[in-house]
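Structure assessment
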Amino acid sequence: MSIKVDPNLMKDLKHFGLKDASKCFHCGNCTAVCPMSETGTPFPRKLVKYAQMGLKDKILQSSEPWLCYYCGTCSEHCPRGADPGETMMVMRRYLTSQYDWTGFSRKFYTSEKFEIMAVIVTGLIVGLLMLLIHGEFDWQNASLEKAWPAHGMEIADLIMASVLSFFLLTNVYRFMKFTMGDLLTKIPLRIYASEARELVLHFLTQKRWAKCEDRTQWIIHLLIMTGYTTAFILVAVLLAGGLAVLGLTWEPLRFQRPFDPVTGRDAIYPLFHPIRLLGYYATISVFIGATYALIGRIRKSKTPYKNSHGTDWMFLVLLDLTVITGIAVHILRIMNVPFATYAMYILHLMIAVPMLVLEVPFSKWSHLAYRPMSAYLKGVKEKYFAELKNREPEVKAAEAAGAKA
């Protein structure tokens, strides 16, 4: 089988933030100290070698970048200062752009100007639509339900959710085709089904990260992920008011705002209502996680925070601003300040929607799909090959019996 070499691969990877990989002389120290590098999926040394040799196809077939959680241990122990942990981060950016058939991810990762303009333009479009399409602005009692009726927002929600799901799922399918190859259709469906529990478990707990020496990174990541997932369930699944209680409209615009005809205002759930408590958890956990990571990158306090790509900053800033503006909407609603409530709500959506539209299918939020899928598919392949190994004696016996006959 011929091996294709891309002589421009290292140059291309530099557009995604690659800096020091050429310093690596393959001592293997990084793989030896990595708590998550395993037999069959050794990293990061293997990926660094692929990059140096221009083996683009090998990188596309690799799941290891997604099995790495960048605890920084490998970079700390690298005698050459090759920063293998950051190289794995670069690989994730590069692979995300390769999975994306639209080409948008590549532009998002390789041009800060494009990234900033994309966020600004998307936000301005959202703000303009909110001003052009609205109901009644009640200037006596702040009512988001009157200003933007829930049924209209439901339609906008379904449209955006469908578009985002289409792009994300098609990109995930391309990811599966790259990493699984012929095995994607060769492995029986029963094996995929038997490992489905692991997919859910990895998504909800990010349990692989718990193997890292720095467990704080796992907790921070878990806070962001569970907070966002809680918001998604409240807003997009339960349809019971969700984070509208807080003025938050995280995963798309789908929400219900109970209206109180007596006061003429949107009803506010009691403080200890389950929906409101879950909303507070989502808000607080995401804010803590995003702020911790943001401060860490500003101070460069840990190895994973020493090299920050533009998309890292954008992701964290949008998360924090979404939370802050959402809390502001909640407070203004309680204070019953109509103009400020409506203005802040528009600003909130101008930040939240670009975060969703750009980050979920094309950038950092897509990691929430690729990471658990990689761990899941790794388990699927291991089970498949284990079954083949167990069947070897039977196959040999059958072949021997056939030869005698």
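Overview of the structure.

About the criteria used
Residues numbered from 1 in each chain as written. Predicted model: local features only at pLDDT ≥ 70, side-chain atom pairs only at ≥ 80, totals over all residues. Heavy atoms only, no water. 1 Å grid on protein atoms, 1.4 Å probe; cavity = no way out; pocket = protein on both sides within 12 Å on 5 of 7 lines; lining within 4 Å. Points joined across faces, edges and corners; volume = space filled by probe spheres on them. Helix = DSSP H or I, 4+ residues; strand = E, 2+ residues; numbered from the N terminus. Nonpolar A, V, L, I, M, F, W, Y, C, P; charged D, E, K, R; others polar. Polar contact = N/O pair within 3.5 Å; in protein donor to acceptor, adjacent residues only side chain to side chain. Phe/Tyr/Trp six-rings, centres within 6.5 Å; stacked < 30°, edge-to-face > 60°. Buried < 20%, exposed > 50% of the residue type's maximum accessible area, 1.4 Å probe, protein only. Axes fitted to C-alpha atoms, helices over the stretch in contact; angles between N-to-C directions. Parallel < 35°, antiparallel > 145°, perpendicular 65-115°, else oblique. Left-handed = near helix turned anticlockwise from the far one by under 90°. Contact = heavy atoms within 4.5 Å.

Attention shifts here to empty space enclosed by the protein. Applying the stated criterion to the full structure yields five cavities of 30 Å³ or more. One number sums up the size of the largest cavity: a volume of about 480 Å³. Counting residues per element, the ones that place at least two in the lining of the largest cavity are helix H7 (84-99), helix H15 (215-238), helix H16 (274-299), helix H17 (310-335) and helix H19 (367-404). Ranked by residue count, the leading element in the lining of the largest cavity is H15, at five residues. Its residues assigned to classes, the lining of the largest cavity comprises 14 nonpolar, four polar and seven charged. A volume near 100 Å³ is recorded for the second largest cavity. Forming the walls of the second largest cavity are 13 residues, and the residues nearest its centre are Cys24, Cys27, Cys30, Cys78 and Ala82. A per-class count over the lining of the second largest cavity returns nine nonpolar, three polar and one charged.

Let us now look at the side chain of threonine 325. With respect to the element layout, threonine 325 can be found in helix H17. One polar contact links the side chain of threonine 325 to the main-chain carbonyl oxygen of threonine 322, over a distance of 3.2 Å. Among the polar contacts made by the side chain of threonine 325, one reaches the side chain of histidine 348 at a distance of 3.0 Å.

What follows concerns the packing of aromatic side chains. Applying the stated criterion across every chain, the model contains 24 aromatic pairs. Between tyrosine 99 and phenylalanine 175 the ring centres are 5.2 Å apart and the planes differ by 70°, which places this aromatic pair in the edge-to-face class. One end of the pair, tyrosine 99, is in helix H7; the other, phenylalanine 175, is in helix H11 (residues 150-180), with 76 residues separating them in the sequence. Judged by its relative accessible area of 0%, tyrosine 99 is buried. Summarising the aromatic geometry, the rings of phenylalanine 175 and tyrosine 370 are spaced 5.3 Å apart at their centres and angled 50° between planes, so their arrangement reads as tilted. Here phenylalanine 175, found in helix H11, pairs with tyrosine 370, found in helix H19; they are 195 residues apart in sequence, far enough to count as distant. For the pair phenylalanine 175 and tyrosine 370, one class covers both residues: buried. Each residue in the set Trp101, Phe104, Phe108, Phe114, Phe166, Phe167 and Phe362 is aromatic and connected to the rest through ring pairs, giving one cluster.

Interaxial distance between H16 and H17 falls to 9 Å at its minimum, and their mutual angle equals 140°. When the axes of H16 and H17 are compared, the pair comes out oblique. Both H16 and H17 take part in a crossing whose hand is left-handed. Judged by residue contacts, Arg276, Tyr280, Thr283, Val286, Phe287, Ala290, Thr291, Ala293, Leu294, Arg297 and Ile298 of H16 engage Asp312, Trp313, Leu316, Val317, Leu319, Asp320, Val323, Ile324, Ile327, His330 and Ile334 from H17. Looking at the contact of H16 with H17 residue by residue, the classes come out as 15 nonpolar, three polar and four charged.

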